[in-house]
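Chain by chain, the residues run as shown.
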Amino acid sequence: MNAIEILFWLLSALAIISAMMVLLSKNPVHSVLWLIAVFFAISGHYILLNAQFLAIVNIIVYAGAIMVLFLFVIMLMNLNKESEPKRNFWRILIGIISGGSLLMILVSLIRQATEINNKNALMESGNIGLIKTLGKLLFSDYVVPFEISSVLFLSAMVGAVVIGKKE
Amino acid sequence: MPIQYYIILSLALFCIGIVGVLVRRNAIIIFMCIELMLNAVNLLLVAFSKMQYNTAVIANKATTVGAEGQLFVFFIMVVAAAEVSVGLAIIVMMFRNTHSIDVNFLNRLKN
């Protein structure tokens, strides 16, 4: 077992345990912090796959901007106490059963699929994840979706201000 | 690394997100679970792009097959950021009107 595999299993365990803790922690602030741990683990996976641009963007956009926005809203509404209403046992049981059965069905499907046998993801090499390659592609073939996404951001900004402002 | 490992890891993260949406009633936690599902899909897209590159690079050293997958992840991040800003504004407005972020209060919308 070489270093890449050890790192893969470590990051996978970190991602899954942190994702579980997002659900299990009662305090919303702790959930946000565990979700940031998930994002760092996923960024580690991107670095293992040599997708350097996405690893940095994932940390900057998700852990840096979106999670700070979540923390800001939680602090603003003063929810950092245990504000969860009483838990319904049947609701929890039904949720876990349906999610677990979906996972089991999909995993059994993946194990039976023959098309992806002996297919490997290339680790720690390959230059398609570099900023140079992605930038050339983004500003040549995908320049129209890129510009449309700026319009999307503008409309989201206007929408957030209109919804959030006091009557 | 075999692609099956990445698929199963992404499926596990995605199903944890689904269980969170079904179980929790706090609107902010539900929102965070949606982010978790989006990230699981992003991880799978990157893994598949490296898988396609791995098969194409044998024939041609300078190929960029699979870069579209990583660009798609970039656009998913853009849309997720826009979605979070609007969604959190909706949650703040809901808290201002009902003084709670329990999603069960939202069934008042039907009256």
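Predicted, not measured: the structure shown is a model, and the values here were computed from it. (Residues numbered from 1 in each chain as written. Chains lettered and ligands numbered in written order. Predicted model: local features only at pLDDT ≥ 70, side-chain atom pairs only at ≥ 80, totals over all residues. Heavy atoms only, no water.)

Peer 1: Quick question: what am I supposed to make of the overall build of chain B here?
Peer 2: When helices and strands are counted, chain B shows three helices and zero strands. For 111 residues, the compact-globule estimate of 2.2 N^0.38 gives 13 Å, and chain B exceeds it by more than 25% at 19 Å. Each principal axis of the C-alpha distribution contributes one length, and for chain B these read about 60 × 25 × 20 Å. Expressed as a percentage of the 111 residues in chain B, the buried residues total 61%. Contacts in chain B between residues at least 24 apart in sequence constitute 59% of all its contacts with a sequence separation of at least 6. For chain B, the exposed surface amounts to about 4,400 Å²; the carbon and sulfur share of it is 69%. In chain B, 7 side chains carry a positive charge and 4 a negative one; their mean positions are 7 Å apart. (Helix = DSSP H or I, 4+ residues; strand = E, 2+ residues; numbered from the N terminus. Rg over C-alpha atoms; globule rule 2.2 N^0.38 Å. Buried < 20%, exposed > 50% of the residue type's maximum accessible area, 1.4 Å probe, protein only. Contact = heavy atoms within 4.5 Å. Areas by Shrake-Rupley, 256 points an atom, 1.4 Å probe, with all protein chains shown as cover. Lys, Arg positive; Asp, Glu negative; His and termini not counted. Charge placed at Lys NZ, Arg CZ, Asp CG, Glu CD.)

Peer 1: Looking at this structure, how should I read the interface of chain A and chain B?
Peer 2: Counting from both sides, the interface comprises 82 residues of chain A and, opposite them, 72 residues of chain B. Across the chain A to chain B interface the summed buried area is about 7,200 Å²; carbon plus sulfur atoms make up 77%. At the surface where chain A touches chain B, the tally comes to zero salt bridges. For the pair chain A and chain B, the interface holds 11 residue pairs in polar contact (both at pLDDT 80 or more). At the level of secondary structure, the elements contributing two or more residues to the side of chain A that touches chain B comprise α1 (3-24), α2 (28-48), α3 (52-76), α4 (89-112), α5 (131-138) and α6 (143-164) of chain A. Examining the composition of the side of chain A that touches chain B, we find that 12 residues originate from one element, α1(A), more than from any other. Partitioned by chemical class, the residues of the side of chain A that touches chain B number 54 nonpolar, 19 polar and nine charged. (Buried area = accessible area lost by both parts, 1.4 Å probe. Salt bridge = Lys/Arg side-chain N within 4 Å of Asp/Glu carboxyl O. Polar contact = N/O pair within 3.5 Å; in protein donor to acceptor, adjacent residues only side chain to side chain. Nonpolar A, V, L, I, M, F, W, Y, C, P; charged D, E, K, R; others polar.)

Peer 1: Quick question: what am I supposed to make of unusual backbone geometry here?
Peer 2: Backbone phi values are negative for most residues with the exception of glycine, while trans is the configuration of most peptide bonds. Within the chain, N50(A) stands out as a residue other than glycine whose phi angle is a positive 60°. Its relative accessible area of 13% is what places N50(A) among the buried residues.

Peer 1: Sorry, what's going on with the environment of I74(A) here?
Peer 2: Among the secondary structure elements, I74(A) is positioned in helix α3. Taking C-alpha positions, I74(A) is 9.5 Å from V32(A), a pair spaced 42 residues apart along the chain.

Peer 1: In this structure, what is going on with the pattern of salt bridges? I would like to understand it.
Peer 2: Should their charged atoms come close, side chains of opposite charge can pair. Residue and element names in this part refer to chain B. Taken as a whole, this structure holds one salt bridge over all chains when the rule is applied. Residue R25 pairs with D102 through a salt bridge whose shortest N-O separation is 3.1 Å. Of this pair, R25 sits in the loop between α1 (3-23) and α2 (27-56) while D102 sits in the segment after α3 (67-98), and the two are 77 residues apart along the sequence. For the pair R25 and D102, one class covers both residues: buried.

Read these as layout, nothing more, since geometry by itself doesn't imply function.
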